[in-house]
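Structural overview
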Amino acid sequence: MSNPLTTLVAVLFFPGLSFILTYALWCQWVSRKAAARLQNRQGPLHTGWQGTLQPLADFIKLLVNEDITPAAADKPVFNYSPIAVFAIPLAATFLIPIQSLTSLWGWEPIVSFQGDLIIILFLMSVVILAVFLGGWSSGNVFGAVGATRAALMMLAYEIPLSLVAIGPAILAGSLQISEIVDWQVTSVNTFFRAPSIQGIAIVGVLFIGVVIYIMCLLAELELRPFDISEAETEIVHGWQVEYSGKKLALLNAGHDIKMVLAAALVTSLFLGGPAGPILPPFAWFILKTTFCVLVLTNLSVLFARFRIDQMVAGAWKYLVPLAVLQVMAVVALSGVI
Amino acid sequence: MSEREFVIPIGPQHPALKEPESFLFTVDGEVVVDVEPRIGYNHRGIEKAMESRNYIQNLYITERVCGICSNAHQTAYTGAVEEVGGIEIPERAKYIRVFMQELERIHSHLLWLGVAAHEIGFDTMFYYVWRDREVVMDLLEEVSGNRCNYAMATVGGVRRDLPRDKYPKWHKMLDKLAERTNYYIKVASTEKTILERAVGVGYLGKEDMIRLSGSGPNARSSGVPCDIRKLTPYLIYDEIPFEHIYVDNGDVLGQVLVRTLEVVEAVKICKWVLDNIPEGEIAVKFNPLQRLPEGEAVYLVEAQRGELIHYTISDGRNMPYRHKIRAPTLGNIPSLVERLKGGYIADIPITIAGIDPCFSCTDRMAFYDEGKDKTWTWTDVELSKYRKEWYSR
């Protein structure tokens, strides 16, 4: 995208800020509605068709609400961390291939360079740092406990998450997300032309990878059974406890964007990105990410919440070794060694 | 307190507590070292109010001690008053009281099961259990006209009859409840994440439980057979064949099992009552102006949460001289404190919810000076003076 006007439109409208924000609200609706139907409830119903505008209404309502900064809080940190929680995942979505503006069938991201996968993984970790600072600076005991739990959880899931994300990169021989997508498209095409045992093995190994990846994402997104850092009944929404009004609106929107980012990463790394027959790339992107959101929602209503010690121990005992084995299998299959 | 320890206040306002009560937790990291409960945030003056109303008016006050065990309170109250007055109630009324008591037990235990699932973060089970609880709520509404505060018992009998043509339908509803409860027993004892959060959490052994004098499902989950319906049967409980449920797990899983198994037993009792209920009158006449002879009586009822004690003294008027209510939660607080020690912060809500606390029924207020070891009373004038001083500071 060399044309500055196209770049501006891409950043501000599609597939940049406006699209991602709207899509995040859509994902929140999908998630809420699916969870409600799975739990024998109705979910959002009255605002817009089947309550589709409810997330937007909630967002606007929170913007109007009174914004309180506790006297005991460390004010600059407390005030700026919601902005970080909102902006960092939003910035990371610019690296995701969704749709090119210059051609209907292209999907190069707004920003793309060798190593952008590492940047995305880094940005996702930085969000947790903002979360930790926000909770810790709120001057509330529950906030402090929630912040500590968020940091502890990161120590548990961050390593398998990054390890598994590297798997497709090794196979594609590139750390650039768009190249990983291209590799998936070419290898799927080759596989359909000439099926091979090696292809089936790669699909199997990557399936283990995607399972680990989704479990780590449940923790990253603070969904059940890993909503330990905001456990409502134990520590009253943990690190978010003192946030209200505009800051809470930003935090909620940040959570939705994180969900989009997570679904987009699963799509780009394991499900072939926005590529697909007949429909244009952005349609496939929406279909695939919505499917990922549904999977995440379905998993999150199935379980009771783990305790922090159970979660950390489980991650180190099972997820990390499994992730290491998975990467070793990927390396063996790719023929690097 | 060492440097690593800090104090987390839970309550008087906290989402894990549905009623105002304060617990000060001294924690070391995520582990609870010490607990200091403080009760008495909710003073409603119910016992005092009862002293100036007649026995019929008091029916409706006792019922409002608790929203969930309203019928248990009414049963205990009417039992105590009838014992003082020497009133013999018809046989059919006894059956209807038992029927109401067991329906209320089902409703309360299912409600608890949902809340417990919510406390461990399993909201899906919470929604499912509460949907199935609607069956018993509908049943209660059909029997009494209300979903809670049924106003069924009265001094001398009950106020509404059970119409015989409804029995087949009620049998079907009870069967559905038993079927769903058995399903939840299966889920609770096999689902991995529930077991992770329930097994060994808030453990208290049998000896400790006897020493700390817990009651109800809380004590029965530690293997203490203490069901009042078996130990000192009231109404017709000595005629009904039902099992004395107690398990020796001692933890949250034990509490889940005791309550769910009790729901199954309660369904059996209800069905037995519907099959065996005799014909006849449902109440003997009792006049609100009727004076009771001098005397006193204690009536024990196995409420859903444990042993409920009503103690009434009559001085020969048509209103009680004194009526004392001891709600089961008061007896369960010492064992709760012991259960909480050594656990994790994350397990505090489920352990507190585990005894099915009802703090508002328990709380009374008294003035006591710890240093001088003296108690005193205040009139309402003194109280309002104190209030003015407090708010003008």
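Residues numbered from 1 in each chain as written. Chains lettered and ligands numbered in written order. Predicted model: local features only at pLDDT ≥ 70, side-chain atom pairs only at ≥ 80, totals over all residues. Heavy atoms only, no water.

Remarks on the packing of helix α2 (residues 17-38) of chain A against helix α11 (residues 281-300) of chain A
Packed helix pairs are characterised by how far apart their axes lie and by the angle those axes make with each other. All names here are of chain A. Interhelical geometry of α2 versus α11 gives an angle of 40° and a closest axis separation of 9 Å. When the axis of α2 is compared with that of α11, the two are oblique. Crossing of α2 over α11 shows right-handed handedness. Every residue of α11 that contacts α2 at Phe 19, Tyr 23, Trp 26, Cys 27, Val 30, Ser 31, Ala 34, Ala 35 and Leu 38 is listed here: Phe 285, Ile 286, Thr 289, Thr 290, Val 293, Leu 294, Thr 297 and Asn 298. Across the contact of α2 with α11, the residue classes tally to 12 nonpolar, 5 polar and no charged. (Axes fitted to C-alpha atoms, helices over the stretch in contact; angles between N-to-C directions. Helix = DSSP H or I, 4+ residues; strand = E, 2+ residues; numbered from the N terminus. Parallel < 35°, antiparallel > 145°, perpendicular 65-115°, else oblique. Left-handed = near helix turned anticlockwise from the far one by under 90°. Contact = heavy atoms within 4.5 Å. Nonpolar A, V, L, I, M, F, W, Y, C, P; charged D, E, K, R; others polar.)

Let's talk about empty space enclosed by the protein
Considering all chains together, one arrives at 5 cavities of 30 Å³ or more under this definition. Around the largest cavity sit B:Leu113, B:Ala116, B:Ala117, B:Ile120, B:Met125, B:Ala188, B:Ile194, B:Ala198, B:Val252, B:Val256 and B:Ile350, which together line it. If you list the elements that add at least two residues to the lining of the largest cavity, you get α4 (91-119), α7 (192-198) and α11 (252-276) of chain B. Broken down by element, the lining of the largest cavity gets its largest block of residues, 3 residues, from α4(B). One number sums up the size of the second largest cavity: a volume of about 70 Å³. In this structure, the second largest cavity is lined by A:Val85, A:Val131, A:Glu222, A:Glu230, A:Trp239, A:Gln240, A:Leu251, A:Asn252, A:Gly254, A:His255 and A:Lys258. The element contributing the most residues to the lining of the second largest cavity is helix α10 (residues 245-270) of chain A, with 5 residues. Across the lining of the second largest cavity, the residue classes tally to 4 nonpolar, 4 polar and 3 charged. (1 Å grid on protein atoms, 1.4 Å probe; cavity = no way out; pocket = protein on both sides within 12 Å on 5 of 7 lines; lining within 4 Å. Points joined across faces, edges and corners; volume = space filled by probe spheres on them.)

A short note on the layout of surface pockets
Each pocket or cavity is described by its volume, and for the second largest pocket that value is around 1200 Å³. Looking at the second largest pocket, it is lined by 35 residues, and the ones nearest its centre are A:Arg32, A:Leu223, A:Glu230, A:His237 and A:His255. Elements represented by at least two residues in the lining of the second largest pocket include exactly α2, α3 (54-64), α10 and α11 of chain A together with α5 (123-144) of chain B. Among the elements that make up the lining of the second largest pocket, the one with the highest residue count is α10(A) (7 residues). Considering only residue class, the lining of the second largest pocket consists of 15 nonpolar, 10 polar and 10 charged.

Side note on the side chain of A:Lys258
Residues and elements named next belong to chain A. Within the secondary structure, Lys 258 sits in helix α10. A distance of 3.4 Å separates the side chain of Lys 258 from the backbone oxygen of Glu 220, its partner in a polar contact. Apart from the residues lying within four places of it in its own chain, the contact partners of Lys 258 are Pro 89, Val 127, Ile 128, Glu 220 and Leu 221. (Polar contact = N/O pair within 3.5 Å; in protein donor to acceptor, adjacent residues only side chain to side chain.)

Observations regarding the packing of aromatic side chains
In the structure shown here, the tally under the stated rule is 23 aromatic pairs over all chains. For the ring pair A:Phe191 and A:Phe192, a centre distance of 6.3 Å and an interplane angle of 65° mean the geometry is edge-to-face. For A:Phe191, a relative accessible area of 26% translates into the label partly exposed. Among the aromatic side chains, those forming a connected cluster through ring pairs are B:Tyr234, B:Tyr237, B:Phe242 and B:Tyr299. Geometry around B:Trp112 places B:Arg259 over its ring, the cationic atom sitting 4.2 Å from the centre. Stacked on the ring of B:Trp376, the Lys or Arg B:Lys374 has its end atom at 5.6 Å from the ring centre. (Phe/Tyr/Trp six-rings, centres within 6.5 Å; stacked < 30°, edge-to-face > 60°. Buried < 20%, exposed > 50% of the residue type's maximum accessible area, 1.4 Å probe, protein only. Lys NZ or Arg CZ within 6 Å of the ring centre and 35° of its normal.)

Considering the interface of chain A and chain B
Taken together, the 23 residues of chain A in the interface contact 28 residues of chain B. In total, about 2400 Å² of surface goes out of reach between chain A and chain B, with carbon and sulfur atoms giving 57% of it. A per-residue breakdown of the area chain A buries against chain B is headed by A:Thr233, A:Glu234 and A:Arg307, which together make up 25% of the total. Where chain A meets chain B, there are 2 salt bridges. A salt bridge links B:Asp347 to A:Arg307, with the nearest nitrogen and oxygen atoms 2.7 Å apart. Inspection of the region where chain A meets chain B yields 12 residue pairs in polar contact (both at pLDDT 80 or more). Breaking the side of chain A that touches chain B down by element, the ones donating at least two residues are α6 (141-172), α9 (232-235) and α12 (308-334) of chain A. Residues that form the side of chain A that touches chain B fall into these classes: 11 nonpolar, 4 polar and 8 charged. (Buried area = accessible area lost by both parts, 1.4 Å probe. Salt bridge = Lys/Arg side-chain N within 4 Å of Asp/Glu carboxyl O.)

Description of helix α12 (residues 328-340) of chain B
Residue and element names in this part refer to chain B. Counted at 1.5 Å a residue, the expected span for α12 with its 13 residues is 18 Å, and the 18 Å between its end C-alpha atoms agrees. The largest bend in α12 amounts to roughly 35° and is located at Pro 334. Turning to α12, its buried residues number three or more, namely Pro 328, Thr 329, Gly 331, Asn 332, Ile 333, Ser 335, Leu 336, Val 337, Arg 339 and Leu 340. With its phi angle positive at about 85°, Gly 342 sits one or two positions after the end of α12. (Expected span 1.5 Å × (residues − 1). Bend = angle between axes of the 7 residues up to and from the residue.)

Some remarks on the pattern of salt bridges
Residue and element names in this part refer to chain B. For the coordinates displayed, the defined rule picks out 33 salt bridges over all chains. Between Glu 102 and Arg 229 there is a salt bridge whose closest N-O contact spans 3.2 Å. Of this pair, Glu 102 sits in helix α4 while Arg 229 sits in helix α10 (residues 228-231), and the two are 127 residues apart along the sequence. On the basis of relative accessible area, Glu 102 is assigned to the buried category, the value being 0%. Exposure remark for Arg 229: the relative accessible area of 3% places this residue in the buried category. The residue Asp 132 makes a salt bridge to Arg 180 at a minimum N-O spacing of 2.8 Å. Residue Asp 132 is located in helix α5, and its partner Arg 180 is located in helix α6 (residues 167-190); the two are separated by 48 residues in the primary sequence. For the residue pair Asp 132 and Arg 180, the accessibility class agrees, reading buried in each case.

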